[in-house]
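Structural overview
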Amino acid sequence: MPNTIPGDLHISNDVLADLAGAAALECYGVVGVCAPSAMDGFAKLLPASRLRRGVVVRQGEEGIHVNLYIIIEHGTNISTVCKNLVDQVTFVLEDYASVKVDAVEVKVEGVRVR
């Protein structure tokens, strides 16, 4: 039996957003994911069942582009947390879903004490 099966595999952006959101929650220093529009200045944590609202995935010519809206833990180095987050999300999407990641942008919406 051959190792490859002919055909195409299409993965929904919602599935990719779920994978990216789950990977974000596993990163040290990330308290949670929040909705992208915090009009009143207060970022509201999303429950684990609604993570995809805090992750925006778009298809580009070079691959997918991911925007993450997160809340980080007070006392952590923001740049280190963001770099680890970008590396973790890129690894998960490329390894688990086999998609090419063009960019991962992290937008820190707030800082909280766990």
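Look above for the structure.
A brief look at the structure comes next. (Residues numbered from 1 in each chain as written. Predicted model: local features only at pLDDT ≥ 70, side-chain atom pairs only at ≥ 80, totals over all residues. Heavy atoms only, no water.)

Residues Ile-78, Val-108 and Val-111 make up a contiguous nonpolar surface patch of roughly 220 Å² in combined accessible area. Looking at where Val-108 falls in the secondary structure, it is placed in strand S4 (residues 101-112). Here Val-108 falls in the partly exposed class, since its relative accessible area comes to 33%. (Patch = residues over 30% accessible without salt bridge, like charges linked within 9 Å, V, L, I, M, F, W, Y side chains within 5 Å. Areas by Shrake-Rupley, 256 points an atom, 1.4 Å probe, with all protein chains shown as cover. Salt bridge = Lys/Arg side-chain N within 4 Å of Asp/Glu carboxyl O. Helix = DSSP H or I, 4+ residues; strand = E, 2+ residues; numbered from the N terminus. Buried < 20%, exposed > 50% of the residue type's maximum accessible area, 1.4 Å probe, protein only.)

Another aspect to go through is helix H1 (residues 13-26). Between its terminal C-alpha atoms H1 stretches 20 Å, which fits the 20 Å expected from 14 residues at 1.5 Å a residue. Taken residue by residue, H1 has Leu-16, Ala-17, Ala-20, Gly-21, Ala-23 and Ala-24 as its buried positions. In an axial view of H1, the angular spread of the buried residues amounts to 165°, which keeps them on one side of the axis. On its buried side, H1 packs onto strand S1 (30-33), strand S2 (55-59), strand S3 (64-73) and helix H2 (78-96). (Expected span 1.5 Å × (residues − 1). Arc of directions from axis to C-beta. Contact = heavy atoms within 4.5 Å.)

Residue position: Lys-44 is located in the loop between S1 and S2. Sequence separation between Lys-44 and Val-33 is 11 residues; the distance between their C-alpha atoms is 8.3 Å. Setting aside its immediate chain neighbours within four residues, Lys-44 contacts Val-33, Cys-34, Ala-35 and Arg-112.

A few words on the side chain of His-65. Tracing the chain through its elements places His-65 in strand S3. On the accessibility criterion, His-65 (13% relative accessible area) is buried. At 3.4 Å, the side chain of His-65 forms a polar contact with the side chain of Asn-67. (Polar contact = N/O pair within 3.5 Å; in protein donor to acceptor, adjacent residues only side chain to side chain.)

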